[in-house]
Amino acid sequence: MIRTTFATICALLALALPAQAADDVIAAPTLRASVTVTSDVVRIGDLIDNAGSAALIPVYRSPDLGTTGALPVAQVLSALRAKQVIGVMTGDLKEVQVTRLARTLANKDLETAVASALERRFGLGDSANLTVTLDRGVAEMRLDASNTGALQPVATRYDARSGRFDLTFEINNDNHPTPTKLRFTGTAIETVEVVVLTRDIDRVDLLKSSDIALERRPKAEITGEPASRDRTVGMQLRRPMRAGTPIRVADIVKPDFVTRDQSVTVIYQVPGIYLTTRGKALENGAEGDTVSVLNLQTKRTLAGVVTARGQITVQGASQSTPMPAAVEQTSSLKRDEAPAPVNTDALVRSLVQAPASPAQVAQVQIPQTRVSQAPAKSE
């Protein structure tokens, strides 16, 4: 009878309470399976729901920045009981995963920040051309997640002779009015992208794509304008060079299309006339170079332009001994008269032996043959 009366009274009181108060009475503290924290301590409110006034009480130290740790449920309940928190619902949990958030700065991010702080200062160029090496041999740096600001350089020192730097950065912190300070030391060297040889190359070798590679080298080590990859392939070196040597524009030349003492084709070219003969190059020459060539038929030395491999083109005056001026002649042939046959051998001999300028070639005498005149037709 007493138990029935007590139960009835409790039911009436529950109905009389406001809805919110009823929820507070019914809600029980419940253990969480996983916890994420941003500070260096784990509080009761991080571990359980409905912690009430005990939520801000610290019970554990947080794991290392950016790491996750596991707490056995029995150990958690023991720590909670020590803080007068009982009746926690655990369900079938065996352990609680606790993760501490962090802001991670990769080594590359730090190097980029240093290069940006030094860009176009102390005689240096663009940050993209600065190779930064930090004294700290770490792959990354982890900060408290509350450090959400950007890296702002506040103190910068640099020695141009040694390349040593000493930089201090500040990062705004959401939890503290005082920003976090970070200091870094190391070296910063300005570099340039250069083409280097992958093997020993002789003077006569043509450079192929497999013979070269792109590398970044300290700018102070490169004198003159570095050659580009596109400009290097297909060219020749001015001198033999060893593997690993940077190539400058001054080190490469167009490939020789003819070499000294090489048998070549000599082309005599004037308006309307195109003749070829054999010759011997007297010097090396690339495409477009003017070189001396010996005509093997006439034993005369000519000057011509290298126009292809093993080919030299002679246009106009190019021999050492000029040809005597020809006497201008006019034809006396009348209309309907057959032209005299041309002595082709004499013409070729004249052009080959003395291909002067176009004006002189036009004056080369064509041997005339006396022609008997046919009787005129009566009209």
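Since the structure is predicted, the reported quantities are computational estimates derived from the model, not experimental observations.

Calculation rules
Residues numbered from 1 in each chain as written. Predicted model: local features only at pLDDT ≥ 70, side-chain atom pairs only at ≥ 80, totals over all residues. Heavy atoms only, no water. pLDDT = per-residue confidence, 0-100. Helix = DSSP H or I, 4+ residues; strand = E, 2+ residues; numbered from the N terminus. Contact = heavy atoms within 4.5 Å. Buried < 20%, exposed > 50% of the residue type's maximum accessible area, 1.4 Å probe, protein only. Polar contact = N/O pair within 3.5 Å; in protein donor to acceptor, adjacent residues only side chain to side chain. Pairing = 2+ DSSP bridges. Axes fitted to C-alpha atoms, helices over the stretch in contact; angles between N-to-C directions.

Student: Tell me about the confidence of the model for the protein chain, and please be specific about residues and values.
Tutor: Confidence in the prediction of the protein chain, expressed as mean pLDDT, is 80, and 76% of residues score 70 or more. By mean pLDDT, helix 1 (residues 2-16) is the weakest element of the protein chain at 43, and strand 12 (residues 164-171) is the strongest at 96. Scored below 50 in pLDDT, residues 19-24 shows zero contacts in the model against residues more than four places distant or in partner chains. Across residues 317-340, confidence stays below pLDDT 50; counting only partners more than four residues off in sequence or on other chains, it has 30 contacts.

Student: Lay out the side chain of T277 with the relevant residues and their values.
Tutor: You can see T277 is positioned in strand 20 (residues 273-281). What makes T277 buried here is its relative accessible area of 7%. Within the structure, T277 has its side chain in polar contact with the side chain of Q297 (distance 3.2 Å). When sequence neighbours within four positions are dropped, the list of residues in contact with T277 reads V264, T265, V266, Y268, N295 and Q297.

Student: A description of the sheet that holds strand 7 (residues 95-100) should follow, citing residues and the corresponding values.
Tutor: If you trace the three strands from one edge of the open sheet to the other, you get 2-7-6, paired in mixed fashion. Every interior strand has two partners, whereas the edge strands, strand 2 (34-37) and strand 6 (68-72), have only one. Going from strand to strand, the sheet's axes swing by 25° on average, the running direction of each strand aside. In the sheet, strand 2 pairs with strand 7 via four bridges, with the strands oriented parallel. Bridge pairing in strand 7 links S34 to Q97.

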